[in-house]
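Working through the structure, step by step
Listed here are the chains, written in short residue letters.
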Amino acid sequence: FLLLGDLGPRTYMQVFEAEAAALGHADVMQADAMFDAAIGQLLRLQAIAPPADLPAYDDALLARELRLFDEWFLGRHLGVALDCDDLETLDLVYRRLIDAALSAPQGLGHRAFMPRNLMPLEAPAGREAGPAVLDFQDAVRGPIAYDALSLFKDAFWSWPEDRVDTWLARYHARAAEAGLPVPEWTRFRRDADWIGVQRHLKVMGIFARLHHRDAKPRDIADAPRFLAYLDG
């Protein structure tokens, strides 16, 4: 037997795009309420103890993802040949990013918790509204800050930095209230920034690989967004 439900016609991203087109700018007024609902759904997911057989976001996986950046984005997409000094410097950067990820508080991680994978739903009577969540296949046990950072520093939509800071602080306060293992704010913000750098580098590598290996050029156009994240 297969139980199916109709999740509706639109994702969060499509709601944002439609409102932005109607307003003529990207300052989407619904974003606060929709992200509040997304935070609530994320907290419910993170309250689940990771199953024993769930893969860990371990040293090997983190390193493998980071290498996508120098192999596919730098090497294949930009044609940059790194010399020994460059590779040594990059290795040191990767080591810092991996160590930061491994030392951060851990929990159930979706790893693609972003507007393209969230669909607004009507709340059943007596229950809090929360979006349906798609795309679970890359779930791991990993840094608890990862999904919150992914939600607000999206691969396909940029928000003003002050709004990102406000939303991250809101997530942090609610996570602490819910008893999740978030550290104090300054440490949490640092954890989010570190895992964000790892994610931004990885995604640029993935987008370059999609373009050059898989003949899917659409996403590489968003690479400047990640360079802006890294520059910030």
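One structure accompanies this document, and this report is about it. All values reported here derive from a predicted model rather than from experimental measurement.

Some thoughts on the packing of helix α3 (residues 59-77) against helix α4 (residues 84-103)
To characterise two packed helices, one gives the angle between the axes of the helices and the distance between these axes. As a packed pair, α3 and α4 sit with axes 10 Å apart at the nearest point and diverge in direction by 145 degrees. For the pair α3 and α4, the crossing hand works out as right-handed. Along the contact surface, α3 presents Asp-59, Leu-62, Ala-63, Leu-66, Arg-67, Phe-69, Asp-70 and Leu-74, while α4 presents Leu-90, Asp-91, Tyr-94, Arg-95, Leu-97, Ile-98, Ala-101 and Leu-102. Its residues placed into classes, the contact of α3 with α4 shows eleven nonpolar, no polar and five charged.

A word on the side chain of Asp-191
Relative to the elements of secondary structure, Asp-191 occurs in helix α7 (residues 185-212). Once residues lying within four places of it in the same chain are set aside, the contact partners of Asp-191 are Ala-104, Pro-105, Ala-145 and Pro-183.

Focus: the packing of aromatic side chains
Following the criterion strictly, the structure yields 17 aromatic pairs and no others. Between Phe-35 and Trp-159, the aromatic rings sit 5.7 Å apart at their centres with planes inclined by 75 degrees, giving edge-to-face as the arrangement. Taken together, the positions of Phe-35 in helix α2 (residues 31-46) and Trp-159 in the loop between α5 (145-152) and α6 (161-177) put the pair 124 residues apart, joining distant regions of the chain. Exposure remark for Trp-159: the relative accessible area of 7% places this residue in the buried category. Each residue in the set Tyr-12, Phe-16, Phe-35, Phe-152, Trp-157, Trp-159 and Trp-167 is aromatic and connected to the rest through ring pairs, giving one cluster. A cation over a ring is seen here: Arg-111 above Tyr-57, with NZ or CZ 4.8 Å from the ring centre.

Definitions and cut-offs
Residues numbered from 1 in each chain as written. Predicted model: local features only at pLDDT ≥ 70, side-chain atom pairs only at ≥ 80, totals over all residues. Heavy atoms only, no water. Axes fitted to C-alpha atoms, helices over the stretch in contact; angles between N-to-C directions. Helix = DSSP H or I, 4+ residues; strand = E, 2+ residues; numbered from the N terminus. Left-handed = near helix turned anticlockwise from the far one by under 90°. Contact = heavy atoms within 4.5 Å. Nonpolar A, V, L, I, M, F, W, Y, C, P; charged D, E, K, R; others polar. Phe/Tyr/Trp six-rings, centres within 6.5 Å; stacked < 30°, edge-to-face > 60°. Buried < 20%, exposed > 50% of the residue type's maximum accessible area, 1.4 Å probe, protein only. Lys NZ or Arg CZ within 6 Å of the ring centre and 35° of its normal.

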